[in-house]
Amino acid sequence: MNFRYLNPPPFVHRFQTADPNDPKVSEWIRPWNGKETMDVGVIGVPLSRSSISASGASETPWAVRQSWKSFSTYDVDHDVDLTCLTVRDLGDVRMHVTDIPLCHHYIEKGMEEVYQKARKQDFFLPVIIGGDHSVTCPSVKAWKKACPPGKTGLLQFDTHFDVRSLESGGPSNGTPVRGLLESGTLEGTEIVQIGIHGFANSRIYRQYAGEQGITFYTMHQIWKKGFAAVFEEALSKLNASVDFIYVTVDMDVLDLSFLPGSPGSHPGGLYSRELFEAMFRLGKEPKVKALDIVCLDPMRDVGSVSVKTATHTMLSFLSGVLRRKSGSSEE
């Protein structure tokens, strides 16, 4: 495999199991050899210097890979065996030590490389493991350059609007949506946000989101209507207006008790079970073409709760992807 902007996967893959009847994710997901056809490519983006709060999110790709040995490839909830899906590890986007704009350039170029390498395949989905949320802006830009003609929408799970001013602090984990809007990559009407939280956002940025035409659902609305109803409404709205959907999951959308390993988590967020079911549903959705998982800090974690939650989020999505590929509509 020859990537200019990606380093090879770290050596955390196991190729043999103690019990052949119980394969683990660490044995199933292997490094890509650059030739075989794959359904999903996992790409690490170890960037956290652009985080507003002190964060070790750059350690997340490594921590998530390490957690794979703790997970079976069988999803009993949906009777799905993930070994029927070809998932390969493409490595990590190369980062500069201190230059954040250069890191974002590497992310955009690195993801362009990934799409070029996979363009001959009939089906390919990238799963990007951040890193802080700033990585979403260059990642979406790369997708827009690579995607077929049509409109791309962003479905965002997040406690925050992420529309902070670029002038006051430069590109950060609080600005990916602002960056996509101001660069003309997306329009506000192509963005739907789920999980926006009280006492985590300013009035100015709420007004900006409204003026831009962003559709957002607060935790208060979720409590009143129920998560399932809000999620289906949000997905239906986005589905009706775009041809492709990029999903970004800021793990701080989860309640602090479910995700201690994040600088942005608040009390009163989503339950992890709600996020898992949403990911399964999105994996099945034909318009969903990419997923990133961001803003997890393994250095703050307690008992690996947060890291394992991120891995479960990814695997739930892959269960849905397998259902999509098999043409099954079962829940």
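Residues numbered from 1 in each chain as written. Predicted model: local features only at pLDDT ≥ 70, side-chain atom pairs only at ≥ 80, totals over all residues. Heavy atoms only, no water.

- Per an unreviewed UniProt entry, the protein carries the name Agmatinase family protein and comes from Thermoactinomyces intermedius.
- Per UniProt, the protein carries the Sequence similarities (unreviewed entry) text "Belongs to the arginase family." (UniProt positions renumbered as here; feature names shortened; annotations may be inferred.)

**Examining the overall build of the protein**
For step 1, the next point in the chain: Along the protein, the regular secondary structure elements total 11 helices and 12 strands.
For step 2, the next point in the chain: In summary, the protein has a C-alpha radius of gyration of 18 Å against a globular reference of 20 Å for 331 residues, a match within 12%.
For step 3, the next point in the chain: Along the first, second and third principal axes, the C-alpha set of the protein runs to 55 × 45 × 40 Å.
For step 4, the next point in the chain: Counting across all 331 residues of the protein, residues that qualify as buried make up 58%.
For step 5, the next point in the chain: A separation threshold of at least 6 residues defines the contact pool for the protein, and within that pool the share at least 24 residues apart is 79%.
For step 6, the next point in the chain: In the form shown here, the protein has an accessible surface area of approximately 13,800 Å², with 50% of it arising from carbon and sulfur atoms. (Helix = DSSP H or I, 4+ residues; strand = E, 2+ residues; numbered from the N terminus. Rg over C-alpha atoms; globule rule 2.2 N^0.38 Å. Buried < 20%, exposed > 50% of the residue type's maximum accessible area, 1.4 Å probe, protein only. Contact = heavy atoms within 4.5 Å. Areas by Shrake-Rupley, 256 points an atom, 1.4 Å probe, with all protein chains shown as cover.)

**Focus on the environment of Ile 196**
For step 1, the next point in the chain: Along the polypeptide, Ile 196 turns up in strand β9 (residues 191-196).
For step 2, the next point in the chain: Taking the relative accessible area as the measure of exposure, Ile 196 reaches 3% and is therefore buried.
For step 3, the next point in the chain: With 22 residues separating them in the primary sequence, Ile 196 and Gly 174 have C-alpha atoms 13 Å apart.
For step 4, the next point in the chain: Ignoring any residue separated from it by four or fewer positions in sequence, one finds Ile 196 in contact with Asp 158, Thr 159, His 160, Phe 161, Asn 201, Phe 216, Tyr 217, Thr 218 and Met 219.

**Focus: the pairing of strand β3 (residues 40-45)**
For step 1, the next point in the chain: The buried fraction of β3 amounts to six of the six residues, a majority that puts the element mostly inside the structure.
For step 2, the next point in the chain: Going residue by residue along β3, you find Val 40, Val 42 and Gly 44 tucked away on one face and Gly 41, Ile 43 and Val 45 tucked away on the opposite face as well.
For step 3, the next point in the chain: Pairing geometry for β3 and strand β6 (residues 87-93), over five bridges, is parallel. Each bridged residue has a counterpart across the sheet, and for Ile 43 the counterpart in β6 is Gly 91. (Pairing = 2+ DSSP bridges.)

**Regarding the packing of helix α9 (residues 227-239) against helix α10 (residues 272-284)**
For step 1, the next point in the chain: Direction vectors running N to C along α9 and α10 enclose 30 degrees, while the axes themselves pass 11 Å from each other. Classified by the angle their axes make, α9 and α10 are roughly parallel. Every pair of crossing elements has a handedness; the one defined by α9 and α10 is right-handed. Contacts between α9 and α10 involve Phe 227, Phe 231, Glu 232 and Leu 235 from the first element and Glu 274, Ala 278, Arg 281 and Leu 282 from the second.
For step 2, the next point in the chain: Looking at side-chain class alone, the contact of α9 with α10 contains five nonpolar, no polar and three charged residues. (Axes fitted to C-alpha atoms, helices over the stretch in contact; angles between N-to-C directions. Parallel < 35°, antiparallel > 145°, perpendicular 65-115°, else oblique. Left-handed = near helix turned anticlockwise from the far one by under 90°. Nonpolar A, V, L, I, M, F, W, Y, C, P; charged D, E, K, R; others polar.)

**Let's talk about the environment of Arg 65**
For step 1, the next point in the chain: If you trace the backbone, Arg 65 turns up in helix α2 (residues 60-67).
For step 2, the next point in the chain: Note: C-alpha distance between Arg 65 and Ile 29 (36 residues apart in sequence) is 9.4 Å.
For step 3, the next point in the chain: A polar contact is formed between the side chain of Arg 65 and the side chain of Asp 92, at a distance of 2.8 Å. (Polar contact = N/O pair within 3.5 Å; in protein donor to acceptor, adjacent residues only side chain to side chain.)

**A closer look at the pattern of salt bridges**
For step 1, the next point in the chain: In the structure shown here, the tally under the stated rule is 16 salt bridges.
For step 2, the next point in the chain: Glu 112 is the partner of Lys 109 in a salt bridge, and the nearest nitrogen-oxygen pair spans 4.0 Å. Of this pair, Lys 109 and Glu 112 both sit in helix α3 (residues 100-118), three residues apart, which is roughly one turn of the helix.
For step 3, the next point in the chain: Residue classification places Lys 109 among the partly exposed residues on the basis of a relative accessible area of 30%.
For step 4, the next point in the chain: Across the pair Glu 232 and Arg 281 runs a salt bridge, and its minimum N-O distance is 3.5 Å. Taken together, the residues Glu 232 in helix α9 and Arg 281 in helix α10 connect sequence positions 49 residues apart.
For step 5, the next point in the chain: Assessed through its relative accessible area of 37%, Glu 232 is described here as partly exposed. (Salt bridge = Lys/Arg side-chain N within 4 Å of Asp/Glu carboxyl O.)

**Digging into the side chain of Glu 285**
For step 1, the next point in the chain: Secondary-structure assignment places Glu 285 in the loop between α10 and β12 (288-294).
For step 2, the next point in the chain: Leaving out residues up to four positions away in the same chain, Glu 285 has contacts with Leu 235, Asn 239 and Arg 324.

**Observations regarding the environment of Asp 301**
For step 1, the next point in the chain: By the secondary structure assignment, Asp 301 is in the loop between β12 and α11 (305-326).
For step 2, the next point in the chain: Considered as a pair, Asp 301 and Asp 77 are 224 residues apart in the sequence and their alpha carbons are 26 Å apart.
For step 3, the next point in the chain: With sequence-adjacent residues up to four places away left out, Asp 301 is seen in contact with Pro 260, Gly 261, Ser 306 and Val 307.
For step 4, the next point in the chain: A polar atom in the side chain of Asp 301 sits 2.8 Å from the side chain of Ser 306.
For step 5, the next point in the chain: Polar side-chain contacts of Asp 301 include one of 3.0 Å to the backbone nitrogen of Val 307.

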